[in-house]
Every structure is written in structure tokens, then in C-alpha cells.
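# Structural overview
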Amino acid sequence: MTAGFDQAGPRHEEAGAWLTVDLGALAWNWRRLRDEAPGAECAAVVKADAYGIGLERAAAALAAAGCRTFFVAHLAEGARARAAAPGAAIYVLNGLLPGTGPAYRAGDLRPVLGSREEVAEWAALSRETGARLPAALHVDTGMNRLGLAPEEALTLAGHPDLAAFTPALVMSHLMVAEEPANPANRRQIEAFAAIRQAFPEVPGSLANSSGIFLGPDTHHDLVRPGYALYGGNPMPGRPSPMRPVVALRARVVQLRRVEAGESAGYGAAWTAPGPRRLATLSVGYADGLPRAASGTGAALAEGQPRGEAVVAGRRCPFVGRVSMDLTIIDVSAVPEGAIRRGDAVALIGDGLTVDEVGARAGTIGYEILTGLGRRYARTYMDEGLGLTERV
Ligand SMILES: *Cc1c(COP(=O)(O)O)cnc(C)c1O
């Protein structure tokens, strides 16, 4: 790719908010994670539209950076990843649903098999096809969500079903990797090491983004970061080693004044404690801005954090309820004249990380990213341009 821009979504001047995605930072993050796990292959998890940033562009940028293995959640996402990364190995985490075998074959996709039934179906398909089709085996080491029980996996070791296809990866998933002191990590690491001894020929994979930073015991042959690629902090509470990938700016549609005692927004859920200057932004919960980030009196009384925007370098809180298409902020701290109708203010970026935006809505940055709306004018930037140069 050459340095430049690429647009998607509505036209810039017609959109209420602008999303900028730095594909150069995405590639930088992938290399950073690869270097954190030397000796292991670094794959990329691009499920849920690459955590909301756009699957095709993310997968193409990562493939250009050298990524050779991708994970998606759904079969339909696998087909999109295949088009963007023709030579890559693509695994579908949610596994083999009945009747989907032919679609896997047609798309050259690999299911992550998580039960005895799935293993039997994949083995049968391989026999019918006369080819040992590749797939991953998912073994559960404590999460109780997907995967074969360890005992089931061990009985599979000498079974003809396993010989019928190509087990290309054996994997498990950590449930508390972002809490390094949690003893469950050690239990899962040990359980997975025991599983791997039963499949000595098969490459192993355990670590997600946070798992990579737990150290070499989690690295095995392949690591599977998602969130950290997109700028999320894999080590909550510590300085983030990742670069931000996403910036979001919303436009000011109105500026107004309120006097003490006046309310703002639906339900009159916020009351001005004194004269205030407010700005109304052209973005709302229909765009993925969480309603839980509202600045209501009840939330303030309970000490809940509320959403913030960055305007001319200053933090400005959300006031009243976030509505479908609009959000009100208090810009009293910004000098008059420093904000005008039509200006764009930061909701992600300018020091507001996706982790903080999530925390301010009582959720996680993952949910903020995967909820990024379809009404944003999107600008994709390549290598060589800083996020702040465009927005
Ligand atoms: C989503 C997912 C990942 C990536 O996790 P992050 O925390 O986003 O790095 C890795 N492995 C599995 C099985 C997943 O479901």
C-alpha cells in the first residue's frame, strides 16, 4: 500500500461524526505483539468486522505486514477475510454448525472444532472428500464456553477420526488474562501444557492479547491477539504498549446557554447547577455511543463516571441522557469563541482511549469498538501518517 487515504461510509461533509482508522498503527501494533512473543507466529483476530474497524481493510493491512493466520467468529466473516487475504489460513472460532461443511470447503476455511460431534462431522467430510482437511481443535481449560473437555480430547489422541483430517492447531482460551495475579491463569496454563503432550505433532495456541503479556508460558506456537491490535490496552492499569488505531470526532450542531435550574435532554435527567454553556453533538446511541455514558443527576449522585469529549484540549462532560442521534456536553470550561457550530470534538482520541470510553459507560473498550456505528464518515489512513494529522 502507498501512503494515502481511503474513504468509506457517508461523505465527510454530510456525516454527523468522523471516524479515522490508522492502518499504519494497526500494522505497528501487530509487529509489537509479534515481537513480544518471539518464536511464535503472530496471528490476528478479525471477528466482528475486525472489532468494528472494517474487516477487509484490516485483514489486507495485516496481511501486507506479514500476518499469515486469521481468526473470525462466523463463517460469513471467514468468506470476507478470504477475499482480503487470499493466501492466509483462516479459522472460524464458533466452529462447525450442522450442514456448513461444504461452505467451509468452498471458502478454504478451517473450523475450530469444539465438540466430539464436530470432530466426527469434519472427519466424515474429509473421508468423503478424500482429503485430510485442516481444522483446529479447541480444548476447554476452564472457561466452559466452547471446546472439548480435556478428558474427551485425550481419548481423541489415538482415535481414527483424528487421523481422518489434519489437526493443524490445538488451542484453548484464557478467561482472566487481563488479571496477571489471578491464579486461574496458572491453572489454565498447566492444563493446556498437559493437553499439548497428548498431541506432540500439532502446533499449539493459548494467548489472546492480554495472554501474550503473561509471558512465554502462554506463547506456544501461535498467539491470537485481537483487542490490542486495535489499540486496546492488554495490561489494564499499566501504561499501554499499543498505539491508538481509532479516533472519533463529532460535529457541534448547536451552542446554547442555560440558567441555574434548567434541565437538558430527555427525562429532564440533568439540571444545571448554575449558568452553563452547552454544545449539542451530532452523534448518539444509534451510532454506538453508549446511553450508559449519560450525565444524569442520578448517575452523578451515585458517583458513576459519565462520558466526556475533548474540546480545544479540555475535557467536557456529557450532560443529560445520550439520545438516539444527539448528545449534549457542557462546554463552560472552554473559552467562548474557542468552539463554534460545525466544529468537530473528540469522543475517542486526544487522550481519550477506547479503554477509558468503555469504563465511562460501565463497559469495556471491546464493546465500544465493536459498536462503532455505520453513519460515520470513515477515513482509512496508511503507514506514514499520524492520526492527529487528519482529524
Ligand atoms: C476473541 C478471541 C481472541 C482475541 O481476544 P482479545 O482479548 O481480543 O485479544 C482470541 N481467542 C479467542 C478464542 C477469542 O474468542
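Here the structure is a predicted model, which means the values were calculated and not measured. Here, residues in each chain are numbered from 1, in the same order as that chain's written sequence. At least 70 in pLDDT is required for a residue's local features to be given in this predicted model, at least 80 for side-chain atom pairs to be given and counted, and no such filter applies to totals for whole chains, interfaces and linings, which use all residues. By convention in this description, side-chain values take in all heavy atoms of the structure and omit both hydrogens and water.

## Focus: the packing of aromatic side chains
Quick reminder of the rule: The aromatic pairing rule takes the rings of Phe, Tyr and Trp, using the six-membered ring of Trp, and pairs them if the centres are within 6.5 Å, calling planes under 30 degrees apart stacked, those over 60 edge-to-face and the rest tilted. Helix and strand labels come from DSSP, where a helix needs a run of H or I of at least four residues and a strand needs a run of E of at least two; each type is numbered from the N terminus. Only protein chains enter the accessibility calculation, which uses a 1.4 Å probe; a residue whose area is less than 20% of its type maximum is buried, one above 50% is exposed, and one in between is partly exposed.
Evaluated as defined, the whole model comprises five aromatic pairs. Taking the centre distance of 5.8 Å and the plane angle of 80° together, the rings of tyrosine 104 and tryptophan 122 count as edge-to-face. Taken together, the positions of tyrosine 104 in helix H5 (residues 101–106) and tryptophan 122 in helix H6 (residues 116–129) put the pair 18 residues apart, joining distant regions of the chain. Across the pair, exposure class does not vary: tyrosine 104 and tryptophan 122 are buried alike.

## Section: the pairing of strand S16 (residues 308–311)
Note the threshold: Only strands that DSSP links by at least two bridges are regarded as paired with each other.
Neither face of S16 is left uncovered, since the one carrying Glu308 and Val310 and the one carrying Ala309 and Val311 both have all their residues buried. Alignment of S16 against strand S17 (residues 314–317), held across four bridges, turns out to be antiparallel. By the bridge assignment, valine 311 is partnered in S17 with arginine 314. Counting the residues between successive antiparallel strands, the hairpin from S16 to S17 contains two residues, one of them, alanine 312, with a positive phi of roughly 45°.

## A few points about the site of the ligand
As a reminder of what qualifies: By convention in these notes, a residue is near a molecule or strand provided one of its non-hydrogen atoms lies within 4 Å of it. Polar contact is the term for a pair of N or O atoms within 3.5 Å; when the atoms are in protein, one must be able to donate a hydrogen and the other to accept it, and sequence-neighboring residues count only if both atoms are side-chain atoms.
In the neighbourhood of the ligand, 14 residues make up the surrounding shell, with Lys47, Tyr51, Ser209, Tyr227 and Tyr366 lying closest. Between a nitrogen atom of the ligand and a side-chain N or O atom of histidine 173, the distance comes to 3.4 Å. With respect to the ligand, the backbone of glycine 226 contributes an N or O atom lying 2.8 Å from an oxygen atom.

## Re the pattern of salt bridges
Counted only if it meets this: Each salt bridge in this description consists of a side-chain nitrogen of Lys or Arg and a carboxyl oxygen of Asp or Glu lying within 4 Å of one another.
This model, assessed by the stated rule, comprises 21 salt bridges. Residue arginine 360 is joined to glutamate 356 by a salt bridge in which the shortest nitrogen-to-oxygen separation is 2.7 Å. A relative accessible area of 18% means that arginine 360 is categorised as buried. Among the charged side chains, a salt-bridge network with shared partners connects Glu308, Arg315, Glu356 and Arg360.

## Considering the confidence of the model for the chain
Here is the rule we go by: Each residue carries a pLDDT value, the predictor's own confidence for that position, ranging from 0 to 100. Only heavy atoms enter the contact rule, under which two residues are in contact if any of them lie within 4.5 Å.
This prediction gives the chain a mean pLDDT of 95; 97% of its residues lie at or above 70. Looking at the elements of the chain, mean pLDDT is at its lowest for helix H14 (residues 387–390), recorded as 40, and at its highest for strand S4 (residues 44–45), recorded as 99. Note on residues 384–391: pLDDT under 50 across the span, and 20 contacts to partners over four residues away in sequence or across chains.

## Things to note about the pairing of strand S5 (residues 69–72)
Rules: With the strands pointing away from the viewer, any crossover whose connection runs clockwise from the first strand over the helix to the second is right-handed.
Burial along S5 is two-sided: the residues Thr69 and Phe71 and Phe70 and Val72 are all buried. Relative to strand S6 (residues 89–92), S5 is paired through four bridges, and the arrangement is parallel. Bridge pairing links phenylalanine 71 to tyrosine 91 in S6. Viewed along the sheet, the connection from S5 through helix H4 (residues 75–84) into S6 turns out right-handed.

## Concerning the side chain of asparagine 233
Position of asparagine 233 among the secondary structure elements: in the loop between strand S11 (222–223) and strand S12 (246–258). Using a relative accessible area of 11% as the deciding quantity, one classes asparagine 233 as buried. There is a polar contact of 2.8 Å between the side chain of asparagine 233 and the backbone oxygen of arginine 238. Excluding residues that lie within four positions of it along the chain, asparagine 233 makes contacts with Tyr227, Arg238, Pro239, Ser240, Pro241 and Asp355.

## What to know about helix H1 (residues 23–36)
Threshold: Working rule for helices: expected span equals 1.5 Å times residues minus one.
Compared with an ideal rise of 1.5 Å per residue, which puts 14 residues at 20 Å, H1 spans 20 Å between its outermost C-alpha atoms and is within 8% of the ideal. Buried residues of H1: Leu23, Gly24, Ala25, Leu26, Ala27, Asn29, Trp30 and Leu33, and no others. Buried residues in H1 make contact with strand S2 (17–22), strand S3 (41–42), helix H3 (55–65), helix H10 (209–212) and strand S20 (377–381).

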